[in-house]
Structures are given as structure tokens and as C-alpha cells.
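# Observations on the model geometry
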Amino acid sequence: MLRFHGAWRITVVGRNADFDQRALVRGPCGTRVLPGRAGAALEVDEESWTLVLEHHLWGRSWQPNLRTTTGPLTERDGVRSQLLISNDRHWPGKPLDYVNFVLRLDQPLAGAGAGAGAPAPAAAPAPAPFLSTRSAGRPTAGPAPGRR
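Residues numbered from 1 in each chain as written. Predicted model: local features only at pLDDT ≥ 70, side-chain atom pairs only at ≥ 80, totals over all residues. Heavy atoms only, no water.

## Comments concerning the overall build of the protein chain
- A count of helices and strands for the protein chain gives zero helices and eleven strands.
- Order of helices (α) and strands (β) in the protein chain, N terminus to C terminus: β-β-β-β-β-β-β-β-β-β-β.
- Just so you have it, the protein chain exposes about 8000 Å², and 53% of that area is on carbon and sulfur atoms. (Helix = DSSP H or I, 4+ residues; strand = E, 2+ residues; numbered from the N terminus. Areas by Shrake-Rupley, 256 points an atom, 1.4 Å probe, with all protein chains shown as cover.)

## Regarding the nonpolar core
- Formed by 17 residues in total, the largest nonpolar core has its most connected members in I10, V25, L34, W49, L51, L103 and L105.
- Elements supplying a minimum of two residues to this core: β1 (2-15), β2 (20-27), β4 (41-56) and β9 (101-108).
- Considering every element that reaches this core, the biggest residue donor is β4, with five residues.
- What L34 contacts, discounting residues up to four positions off in sequence, is I10, V12, R22, A23, A40, A41, L42 and L103. (Core = buried A, V, L, I, M, F, W, Y, C linked by side-chain atoms within 4.5 Å. Buried < 20%, exposed > 50% of the residue type's maximum accessible area, 1.4 Å probe, protein only. Contact = heavy atoms within 4.5 Å.)

## Considerations on the pattern of salt bridges
- The full count for this structure, using the stated rule, is seven salt bridges.
- Between E75 and R80 there is a salt bridge, with its nearest N and O atoms 3.5 Å apart.
- Across the pair D106 and R104 runs a salt bridge, and its minimum N-O distance is 3.0 Å. Each member of the pair, D106 as well as R104, carries the same accessibility label: buried. (Salt bridge = Lys/Arg side-chain N within 4 Å of Asp/Glu carboxyl O.)

## Let's talk about the confidence of the model for the protein chain
- A residue-level look at the protein chain finds 75% of positions with pLDDT of 70 or above and a mean pLDDT of 80.
- Between residues 114-148, whose pLDDT stays under 50, and residues either more than four places distant or in other chains, the model counts 63 contacts. (pLDDT = per-residue confidence, 0-100.)

## A closer look at the environment of R76
- Note that R76 resides in strand β7 (residues 74-76).
- For R76, a relative accessible area of 46% corresponds to the partly exposed category.
- The sequence separation of R76 and L109 amounts to 33 residues, and the corresponding C-alpha distance is 9.6 Å.

## Looking at the packing of aromatic side chains
- Taken as a whole and judged by the stated rule, the model has four aromatic pairs.
- With centroids separated by 5.6 Å and ring planes inclined at 70 degrees, the aromatic side chains of F4 and W8 adopt a geometry described as edge-to-face.
- Using a relative accessible area of 8% as the deciding quantity, one classes F4 as buried.
- You can call W8 buried: its relative accessible area is 6%.
- Look at F19 and W58: their rings are 4.6 Å apart centre to centre, the planes differ by 65 degrees, and that puts the pair in the edge-to-face class. Taken as a pair, F19 in the loop between β1 and β2 and W58 in the loop between β4 and β5 (62-64) lie far apart in primary sequence, 39 residues in all.
- F19 gets classed as buried once you look at its relative accessible area, which sits at 4%.
- Counting every residue linked through ring pairs, the aromatic cluster contains F4, W8 and W49.
- The ring centre of W91 lies 4.9 Å from the NZ or CZ of R89, which sits over that ring. (Phe/Tyr/Trp six-rings, centres within 6.5 Å; stacked < 30°, edge-to-face > 60°. Lys NZ or Arg CZ within 6 Å of the ring centre and 35° of its normal.)

## Notes on the pairing of β9
- For β9, the buried fraction is high: seven of the eight residues fall into the buried class.
- Strand direction decides the pairing type here: β1 and β9, joined by six bridges, are antiparallel. Paired with R15 across the bridge in β9 is F101.
- Sheet analysis places strand β8 (residues 79-87) next to β9, joined by eight bridges and oriented antiparallel. Looking at β9, one finds that S81 is bridged to D106. (Pairing = 2+ DSSP bridges.)

In C-alpha cells form, the structure reads like this:
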């Protein structure tokens, strides 16, 4: 579970998983769900809130992803950005650093002229290429998120 404060826009940058993915935002105003579809976005503006990434294993309920890694905070054109990459679960032969689900969080910086409302999308560094185990169970390099 990751904790955030203030206004952020969460955008799904990419998904490469056999299971459905989603992000759950929990805060004083309740729980909101961001579906794991590339391009889906959710605006959050609460004093304090948490973010959990989950997957839906066939025939089971939603479960937290095994590992979520936060990238460095970057600042560009008055917007702070951070990438989150996630691996849903471990299977024999699957690399531990496998990337299933990628989110980008954007936050307007105070006094940067971003104005009220949603922040403009910021360029953020792309994570390592997705790996796919769909071909004969062997990992292969795939396109970077957002370039499909």
C-alpha cells in the first residue's frame, strides 16, 4: 500500500497480463477503482489517500499484486510525475522483475501556473520493455508501454 497526499492524476500507462488489473484508491471520501486499461485515468484530491494495485486471478477474488516498485519523482513544466510498476504474482520460470501493470501519477506543482483542475500530462521516463510469457511460456521482449 502506497500513501499519497493532495491532488494527483493516476493514468494507466500499460498492462501486459493474463489477469485483469486495477488500482484501488482509499481515502476519507471512500474507495474508488481505476480499471487496468491503458489510458484510463482517475483524479484524486484528498488530504491523505492510499493506492493498492490488484489483479483478478481466474476463479478467485481480487488480490494485491506481489510487488509494486516506485520510480523516481521527476519534474517538468510545472508537473511532478512518478511511475509505478507492478508484478501481479510469481510463477515458476517468471522473472521476479516482470512488469504486468504500469501507472503514472502526475501532480501540479504549486505556483507553476498549472491553474485549477487536472494537471496536463507530463512526459515521464518509460520503464523497461514489457515481457510476455504468452509465447510457449518463455519471456520475450515486447513494446514499451504506450507504444502499441
